[in-house]
Amino acid sequence: NNEAIRIVGALQDITEIKKNQEKLIQSEENYKNMFSNNPTPMWTYDMENRSFTMVNDAALHLYGYTREEFIKLDLFAIRVEEDHEKLREHLKSKAFLEDQNISHEWTHLKKDKTPIIVDVVSHPLLINGRRSRLVAIKDITQNKKNRQEILAQNQRLREIAQISSHETRKPLASILGLVNLFDKENPANPLNKEIVQYLEITANELDTVVHNIVKKTWLESEASSAFRPE
């Protein structure tokens, strides 16, 4: 008569399911904490629209943005204009499209438009079912400057070596040749007076070369002191 007189029930033990859900939640929480507190600048971005989805504190500190400002940016906003075409080609590359791990060197821009040279490593991952990438940044600006300074320093050292090996050889050879011409058996020989005059001229040339070497060595020493970290 359309009146319920019995209830049929069923039970399912979902203890393990709940435990696994709790583990997953905890794992995600641990991952977020690891990401947020990581000293390496990091972010994630959506591979379809190139927009940022997460950014950690280290990246915000490096680039000078607030979290709200950074999330509104995309990959092109933090790069110098001349790298935009290079980035477009990179986003169409085989490695990128096949979700491979990628390492590349780029010139990025801080919020105040200061350029920095960074080593970028990115890994593919899914975020809420969307193809994304996790990016880790290493600022190598100072390393590049140091390398350029070392190259310049080596060039200056080569110049000093060239002066030492070539420019000193000429006056020294002249002096040795004049000494061999000197008439030691007959000091009164009129030719000796002329030889002494040439020796004086050549010695002055050698003195000038030595002064140039000392000057360049001093400048190199000063440059090296300025380059040396405190």
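None of the values given here were measured: they were computed from a predicted structure. (Residues numbered from 1 in each chain as written. Predicted model: local features only at pLDDT ≥ 70, side-chain atom pairs only at ≥ 80, totals over all residues. Heavy atoms only, no water.)

A. Structural detail: the pattern of salt bridges. Summed over all chains, the structure comprises eight salt bridges. Of the charged contacts, one joins R130 and D46 as a salt bridge, the two residues approaching to 2.4 Å between their closest N and O atoms. Note that R130 is positioned in strand 5 (residues 130–139) and D46 in strand 1 (residues 42–46), a separation of 84 residues in sequence. Accessibility expressed as a relative area gives 39% for R130, which makes it partly exposed. Two residues, K92 and E89, come together in a salt bridge whose shortest N-O distance is 3.7 Å. (Salt bridge = Lys/Arg side-chain N within 4 Å of Asp/Glu carboxyl O. Helix = DSSP H or I, 4+ residues; strand = E, 2+ residues; numbered from the N terminus. Buried < 20%, exposed > 50% of the residue type's maximum accessible area, 1.4 Å probe, protein only.)

B. Seen up close, the sheet that holds strand 1. With antiparallel pairing, five strands are arranged side by side in an open sheet as 2-1-5-4-3. The strands lining the two open edges of the sheet, one partner per strand, are strand 2 (52–55) and strand 3 (102–109). When the angles between neighbouring strand axes are averaged without regard to direction, this sheet yields 30°. As paired elements, strand 4 (residues 115–127) and strand 5 share 10 bridges and run antiparallel to each other. Counterpart to V118 in the pairing with strand 5 is D139. (Pairing = 2+ DSSP bridges. Axes fitted to C-alpha atoms, helices over the stretch in contact; angles between N-to-C directions.)

C. Summary view of the nonpolar core. In terms of nonpolar packing, the biggest core is built from 25 residues, with W43, Y45, F52, Y63, F70, V118 and I137 touching the most fellow members. Every element with two or more residues in this core is listed here: strand 1, strand 2, helix 2 (57–63), helix 4 (84–91), strand 3, strand 4 and strand 5. Examining the composition of this core, we find that four residues originate from one element, helix 2, more than from any other. Residues contacting I137, with those up to four places away along its chain left out, are T40, P41, W43, L62, Y63, H108, V118, D119 and V120. (Core = buried A, V, L, I, M, F, W, Y, C linked by side-chain atoms within 4.5 Å. Contact = heavy atoms within 4.5 Å.)

D. Expanded view of the pairing of strand 4. Of the strand pairs in this sheet, strand 3 and strand 4 are connected by eight bridges, and their pairing is antiparallel. Paired with T107 across the strands is I117, a residue of strand 4. Taking the residues that link successive antiparallel strands as the turn, the strand 3-strand 4 hairpin has five residues, and the phi of K113 there is positive, at about 75°. Between the antiparallel neighbours strand 4 and strand 5 lie two residues, among them N128 with a positive phi of about 55°.

E. Highlighting the confidence of the model for the protein. With 86% of its residues at a pLDDT of 70 or more, the protein has an overall mean of 82. The lowest-confidence element of the protein is helix 1 (residues 15–37), averaging 71 in pLDDT; the highest-confidence one is helix 2, averaging 94. Ignoring residues within four places in sequence, the model shows residues 226–230, a span with pLDDT below 50, making three contacts including any to other chains. (pLDDT = per-residue confidence, 0-100.)

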